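Here is what each chain is made of, one letter per residue.
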Amino acid sequence: MTDSELPVEASADGITATYRETDEERLLIFESDSGSAAVAQNIEGYAMLKVRPTPDGDELERYYGFDMALDHAAELIGVSPNVLPVPDPAADMGM
């Protein structure tokens, strides 16, 4: 995927998920009327996932697995993890 193809968005059940990359991180950001959550991983894609309330917010927790990070992100915005939309480029996040 090239930078021109980023960011990538997906939406479902009133939640918008945006996947983008910075020079240091891969970011998956969830936003809804009830709040936001961000899952971050180093740009190389091999480190633990960091869950934050916002992309630039303080780290709340780290996880090895994507499923656990999604559970925490869903909790932050008050939804079931099953309804979180995940853009295709973010599907391989986690160790």
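Residues numbered from 1 in each chain as written. Predicted model: local features only at pLDDT ≥ 70, side-chain atom pairs only at ≥ 80, totals over all residues. Heavy atoms only, no water.

Turning our eyes to something else, we now look at unusual backbone geometry. Most peptide bonds adopt trans geometry, and most residues besides glycine take a negative phi value. The omega torsion across L6 and P7 is 0°, close enough to zero to call that bond cis. Of note, P7 is situated in the segment before β1 (8-12). (Helix = DSSP H or I, 4+ residues; strand = E, 2+ residues; numbered from the N terminus.)

By size, the foremost hydrophobic cluster in this structure holds 20 residues, and its most contacted members are L28, F30, V39, L84 and M93. Each residue touching V39, except ones within four places of it in the same chain, is listed here: R26, L27, L28, F30, L49, K50, V51, A69, A73 and M93. (Core = buried A, V, L, I, M, F, W, Y, C linked by side-chain atoms within 4.5 Å. Buried < 20%, exposed > 50% of the residue type's maximum accessible area, 1.4 Å probe, protein only. Contact = heavy atoms within 4.5 Å.)

For residues with low pLDDT, the predicted coordinates do not support detailed interpretation. Averaged over the protein chain, the pLDDT score is 93; the fraction of residues at 70 or greater is 96%. Looking at the elements of the protein chain, mean pLDDT is at its lowest for β1, recorded as 96, and at its highest for strand β5 (residues 49-52), recorded as 98. (pLDDT = per-residue confidence, 0-100.)

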